[in-house]
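Here is how the chains run, residue by residue.
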Amino acid sequence: MMKNILASAILTISLLQLHAQSIIPEPAEIKASKADFTITPSTTIVMQGTGLENAASFFNAYLQKYYGFQLKVASGNNTAKNSIVLNYEKMEYPVPGAYVMNVNSKNVYIAGDNAQGTFYGIQTLIQLLPPVASKSLKVPAVDINDHPRFAYRGAMLDVCRHFFDVDFVKQYIDYLAMYKINTFHWHLTDDQGWRVEIKKYPKLTSVGAWRDGTIIGRYPGTGNDSIHYGGFYTQEQIKEVVKYAADRYITIIPEIEMPGHASAALTAYPNLGCTGGPYKVQQTWGVFDDVFCAGNDSVFTFLQDVLDEVIPLFPAAYVHVGGDECPKTSWKKCPKCQQRIKDQHLADEHALQSYFVQRMEKYINSKGKKIIGWDEILEGGIAPNATVMSWRGEEGGINAAKQNHDVIMTPNTYVYFDYAQTKTEDSVTIGGFIPLEKVYSYEPIPAVLDASQQKHVLGAQANLWTEYIGYPSKVEYQEFPRYAALSEVLWSPASKRDWKKFEQKLPDVFKKLSFQKTTFSTAYYDIQT
Ligand code: TNX
């Protein structure tokens, strides 16, 4: 009897501790174990398998950055006291990345179904660390069995409307890793800037990466000067970022926009437009009539050359070809485009865009890659192997899945993090209103699809368009805590999604972000009061 009372008392204390600890995203299964573990500078990381260095070194880098110490790393089967043991365990889940974690007074044991799973276990361990700098870090007594729900857990960053340097992109990637996001969609070309070095076409970056004049959305106090603004990534820098992401089990999908949002490329090479220009790298936002000429074969040669340089930089299975917001105005007036419509027996300019995307798909497929396009690629006939990113709500995604195409849900009704977080947003945003609870409520699988169609929904992604986001802390402000909410949408089992519980975890989310010196929005509280 006494023993039982004692046991339940211990359990209650552990549960209280656990309650104070708030893992994001919510794991599939979590229960109290018997005893806490304490990490100190004398704790050792023991890798019991090969290929676990990324997990170990990520953890050490985190400890160093936030707590000022590192742990010794050893290999072998030694599970001596005072160790964090990293290992593998076979698990049968449809999506890779599962892990188990057991905490007791001697060890923390973390085993993934692959190295990525073990890495996610490390992320969970990091979530459990106290948000105060100390050399004695209590890890609460827990047993966790966890696995991801969706295979595609994405984040898009637009580096065209505003440019973000390599250091910040790496920081951003670390944020994604923290919430077990596995795909970074890098929006590299747009009307306001071309951001990737292409050796065959140097003007893309010497001309197309820069704009002059007043820049909207920069850091308060700097926004009114007229400046030469821009930037780009060299191919060496891209490789460095791709490797940095891969070490965190994040795949980078590059987006090269076509046929619209092409002002920067046209400014560099005016022969690629229907009128021959002159064009300008855009200063303002929106949709512009000048786009790649669909009647000009040298446009296809140019884009193929660009892709010949881009594809080897990115190991991802996909290349994103944009396809959104392409006005047909210039094609309507262009004799070559009209000739193409005739020659190819196309119904109209929408069919011409479809011809354009299909022609590029063929080329990209021939290089062993698949294409992703925004949902406009459905208009005029979808390219045979294309995956659709549904951004104008879910409709495009639903249509694509019904046509047996894969889909990534990125609806601007739920996951546009450039939109405002309160109705009276205190900072300038593009508009819209997507509060935290709305993000949390998002269900990527539309109920109208039948089971076989639902399988085409690979996952979801939040988009951060940066028209009004000109500096890193504003990116963070727009992302946090909404990314915490999205991570539960993407990772946690649907049955574990619980807004009330998430709300209870929020103070800890904020504490953690403050501790990490990450900027975040407290709009959530403004809405409650
Ligand atoms: C629509 S989403 C766009 C972007 C803008 C964004 C602003 C999409 C495929 N196109 O070009 O930046 O709205 O929210």
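About the criteria used
- Per chain, residue numbering runs from 1 following the sequence as it is written.
- Only residues with pLDDT of at least 70 are given local features in this predicted model, and only at 80 or more are side-chain atom pairs given and counted; all residues enter the totals for whole chains, interfaces and linings.
- Only the C-beta atom matters for nearness: placed from the backbone, it must lie within 6 Å of the molecule or strand for the residue to count as near.
- Three classes are used, and their members are as follows: Ala, Val, Leu, Ile, Met, Phe, Trp, Tyr, Cys and Pro are nonpolar, Asp, Glu, Lys and Arg are charged, and the others, Gly among them, are polar.
- Should DSSP find at least two bridges between two strands, the strands are regarded as paired.
- Under the scheme used here, helices are H or I runs from DSSP no shorter than 4 residues and strands are E runs no shorter than 2 residues, and both carry numbers assigned from the N terminus.
- Known as pLDDT, the predictor's confidence for each residue is given on a scale from 0 to 100.
- What counts as a contact here is a pair of residues whose C-beta atoms, placed from the backbone, lie within 7 Å.
- For helices, the fitted line uses only the C-alpha atoms of the stretch in contact; every axis is such a line through C-alpha atoms, and the angle between N-to-C directions lies from 0 to 180 degrees.

A word on the site of the ligand
No. 1: Near the ligand, the surroundings consist of Asp-324, Glu-325, Trp-374, Trp-391, Tyr-416, Asp-418, Ile-430, Trp-465 and Glu-467.
No. 2: Residue composition of the shell around the ligand, grouped by class: five nonpolar, no polar and four charged.

A look at the pairing of strand β3 (residues 44–47)
No. 1: Here four bridges tie β3 to strand β4 (residues 72–75), and the two strands are oriented parallel to one another. Bridge pairing in β4 links Ile-45 to Val-73.
No. 2: Here β3 pairs with strand β5 (residues 83–88) via four bridges, running parallel. Considered in β5, the bridge of Val-46 is made with Val-85.

A look at the confidence of the model for the protein
No. 1: Averaged over every residue, the pLDDT of the protein is 93; the share at 70 or more is 93%.
No. 2: When the criterion is pLDDT under 50, residues 1–20 qualifies, and its contacts beyond four places in sequence or with other chains add up to nine contacts.

Comments concerning the sheet that holds strand β1 (residues 29–32)
No. 1: Read across the open sheet, the seven strands follow the order β1-β9-β6-β7-β5-β3-β4; overall the sheet is mixed. Among the strands making up the open sheet, the edge pair consists of β1 and β4. Between one strand axis and the next, the sheet turns through 15° on average, direction left out of account.
No. 2: Of the strands in this sheet, β3, β4 and β5 touch helix α2 (residues 53–67), which is tilted by about 165° from β3.

Here we look at the sheet that holds strand β20 (residues 407–409)
No. 1: Overall, parallel pairing links the eight strands, which are arranged β10-β11-β16-β17-β18-β19-β20-β21 in a closed barrel. Between one strand axis and the next, the sheet turns through 30° on average, direction left out of account.
No. 2: Bridging between strand β18 (residues 370–374) and strand β19 (residues 387–390) involves three bridges; their strand directions are parallel. Paired with Ile-372 across the two strands is Thr-387, which belongs to β19.
No. 3: Helix α11 (residues 349–366) rests against β16 (251–258), β17 (318–322) and β18 of the sheet, and its axis sits at about 150° to β18.
No. 4: Taken strand by strand, helix α16 (residues 482–491) contacts β10 (152–158) and β21 (457–464), and its axis lies near 170° from that of β21.

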